[in-house]
Amino acid sequence: QDQYTFWVDEGEPVVMWLSGLSIPETFLAAVVQTTCRRKKWPLDKSTLYTKVTSYMKPEDVSERLEDGCYIIGTYLEGAAWDPVECCLVRQPPKVLIQEMPVIQVIPVEAHKLKLT
């Protein structure tokens, strides 16, 4: 509830608490639609690309993205994220759930997305 009030009063937050939204996929769809409208991309040929950032807390992020967004509130089960090597690693013993760092969500045209 506080997140929505802040959003109305202050504008979209720099980092969105994705798991705090009732229907997070609609927020992500709106991120794609906004970028498509601004860049005149076809909506049906656009998608999202995600990148784990080096930011461990939302307070570490100082500026909003022009296209896309930063999100928090995602978790790993059965693995952990190594912030130094930037990769998945074995989970520590007796730790079932690990919070992910801040994730950058980037709208892209699907045909330009190259995964290597």
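Since we're looking at a predicted model, the values are computed, not measured.

Details of the layout of surface pockets
- Here the largest pocket is characterised by a volume of approximately 150 Å³.
- Tallying contributions element by element places helix α2 (residues 24-39) first for the lining of the largest pocket, with five residues.
- Class assignment of the residues belonging to the lining of the largest pocket gives a composition of five nonpolar, three polar and four charged.

Overview of the pairing of strand β3 (residues 69-72)
- On β3, burial covers both faces: Cys69 and Ile71 on one face and Tyr70 and Ile72 on the other are all buried.
- Bridge count for β3 against strand β8 (residues 103-109) is three bridges, and the pairing is antiparallel. Bridge pairing links tyrosine 70 to glutamine 104 in β8.

Thoughts on α2
- An ideal rise of 1.5 Å per residue puts 22 Å on 16 residues; α2 measures up with 23 Å between its terminal C-alpha atoms.
- Positive phi appears at lysine 40, one or two residues downstream of α2, with a value of about 60°.

Remarks on the packing of aromatic side chains
- On inspection of all chains with the given rule, the structure shows one aromatic pair.
- Taken together, a centroid distance of 5.9 Å and an interplanar angle of 80° make the contact between tyrosine 55 and tyrosine 70 edge-to-face. Of the two residues, tyrosine 55 is situated in the loop between β2 (46-52) and β3 and tyrosine 70 in strand β3; the sequence distance between them amounts to 15 residues.
- Residue tyrosine 55 is classed as partly exposed on the basis of its relative accessible area of 28%.
- What makes tyrosine 70 buried here is its relative accessible area of 9%.

A few points about unusual backbone geometry
- The backbone of lysine 40 shows a phi angle near 60°, a positive value even though the residue is not glycine.
- Note that lysine 40 resides in the loop between α2 and β2.
- Even without being a glycine, lysine 94 presents a positive backbone phi close to 65°.
- Tracing the chain through its elements places lysine 94 in the loop between β6 (87-89) and β7 (97-99).
- Overall, the relative accessible area of 84% leaves lysine 94 in the exposed class.

What about the sheet that holds β3?
- What the four strands build is an open sheet, ordered β1-β3-β8-β2; its pairing is mixed. Each edge of the open sheet carries a strand with a single partner, namely β1 (15-17) and β2. The average angle at which neighbouring strand axes cross in this sheet is 35°, direction not considered.
- The strands that α2 touches are β1, β2, β3 and β8; relative to β2, the one it contacts most, it runs at about 115°.

Rules used throughout
Residues numbered from 1 in each chain as written. Predicted model: local features only at pLDDT ≥ 70, side-chain atom pairs only at ≥ 80, totals over all residues. Heavy atoms only, no water. 1 Å grid on protein atoms, 1.4 Å probe; cavity = no way out; pocket = protein on both sides within 12 Å on 5 of 7 lines; lining within 4 Å. Points joined across faces, edges and corners; volume = space filled by probe spheres on them. Helix = DSSP H or I, 4+ residues; strand = E, 2+ residues; numbered from the N terminus. Nonpolar A, V, L, I, M, F, W, Y, C, P; charged D, E, K, R; others polar. Buried < 20%, exposed > 50% of the residue type's maximum accessible area, 1.4 Å probe, protein only. Pairing = 2+ DSSP bridges. Expected span 1.5 Å × (residues − 1). Phe/Tyr/Trp six-rings, centres within 6.5 Å; stacked < 30°, edge-to-face > 60°. Axes fitted to C-alpha atoms, helices over the stretch in contact; angles between N-to-C directions. Contact = heavy atoms within 4.5 Å.

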